[in-house]
Amino acid sequence: MATSPGQDRPDGLALLLRDATPEDAPAISRLYNALIGTTTVAWTEQREPPEARQTWLDQQIQAGRPVLVAEDEDEGVVVGFASYEDFRGAGKWPGYRFTVEHTVHVDGAHQGRRIGTALMDALMARAAAAGLHVMIGAVDSDNLTSIGFHERLGFTEVARLPEVGFKFDRWLTLVLLQRVL
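Residues numbered from 1 in each chain as written. Predicted model: local features only at pLDDT ≥ 70, side-chain atom pairs only at ≥ 80, totals over all residues. Heavy atoms only, no water.

> Run through the side chain of serine 83, naming residues and quoting values.
Along the chain, serine 83 falls in strand E4 (residues 77-86). Polar side-chain contacts of serine 83 include one of 2.6 Å to the backbone oxygen of proline 66. Excluding its chain neighbours within four sequence positions, the residues that come into contact with serine 83 are Trp56, Gln60, Pro66, Val67, Glu101, His102, Thr103 and Leu123. (Helix = DSSP H or I, 4+ residues; strand = E, 2+ residues; numbered from the N terminus. Polar contact = N/O pair within 3.5 Å; in protein donor to acceptor, adjacent residues only side chain to side chain. Contact = heavy atoms within 4.5 Å.)

Right, here's the structure in full:
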């Protein structure tokens, strides 16, 4: 994705969507880690070390999988990111090679400004252009905001997997949502 000019948004935010570069790894890690200690957005208790996110970003770039960032042009900081990876190990199970699972995170102070929507629209367009057929979102059942966000993007709930995760001393239910691209 070539760098695109900023878009003047109704709320006054000048947003630049672009491909992530290796220099964006600390910002992506910051966005991801911000949710670990207080939410069930990510089912881990361990904060991600910056070098792990750098390795992940390098692998994504090498594999040709997009990692998109949203940059607040006024502040010059990355305020969101989105990407996808193979669903259920498509390399091991080639029948899944046209299906991916995505991730999208937006800084809490910037939520509600349609940044996640802009990232997901661009990500889905990239996935479709790559010949992919289905995008999956895996969301904790208590995260009604994320479930509603996905539904507004055209995702449909296709499964609930009760008590498959554990965090904060309780069992968690996973909701799978999908969108045919």
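The discussion continues.
> Could you give an account of the confidence of the model for the protein chain, with specific residues and numbers?
Looking at the protein chain, pLDDT values average 91 and 93% of them are 70 or higher. The model gives residues 1-8 a pLDDT under 50, and that stretch makes 23 contacts with residues more than four places away or in other chains. (pLDDT = per-residue confidence, 0-100.)

> Run through the layout of surface pockets, naming residues and quoting values.
In this structure, the largest pocket occupies an estimated 1,200 Å³ of space. Contributing to the lining of the largest pocket are 41 residues, with Val41, Thr103, Val104, His105 and Ser146 lying nearest its centre. Residue assignment for the lining of the largest pocket shows that the elements contributing at least two residues are helix H2 (50-63), E4, strand E5 (99-106), helix H3 (115-129), strand E6 (134-140) and helix H4 (144-152). In terms of residue count, the dominant contributor to the lining of the largest pocket is E5 (six residues). Here the lining of the largest pocket is built from residues that sort into 16 nonpolar, 16 polar and nine charged. (1 Å grid on protein atoms, 1.4 Å probe; cavity = no way out; pocket = protein on both sides within 12 Å on 5 of 7 lines; lining within 4 Å. Points joined across faces, edges and corners; volume = space filled by probe spheres on them. Nonpolar A, V, L, I, M, F, W, Y, C, P; charged D, E, K, R; others polar.)

> Tell me about the pairing of E5, residues and numbers included.
In terms of burial, E5 is largely enclosed, as six of its eight residues are buried. Inspection of the sheet shows E4 paired to E5 by seven bridges, in the antiparallel sense. For phenylalanine 81, the partnering residue across the bridge sits in E5 and is histidine 105. The pairing of E5 with E6 spans three bridges and is classified as parallel. Opposite glutamate 101, over in E6, you have isoleucine 136 as the bridge partner. Taken together, E5, H3 and E6 form a β-α-β motif whose crossover is right-handed. (Buried < 20%, exposed > 50% of the residue type's maximum accessible area, 1.4 Å probe, protein only. Pairing = 2+ DSSP bridges. Right-handed = clockwise from strand over helix to strand, strands pointing away.)

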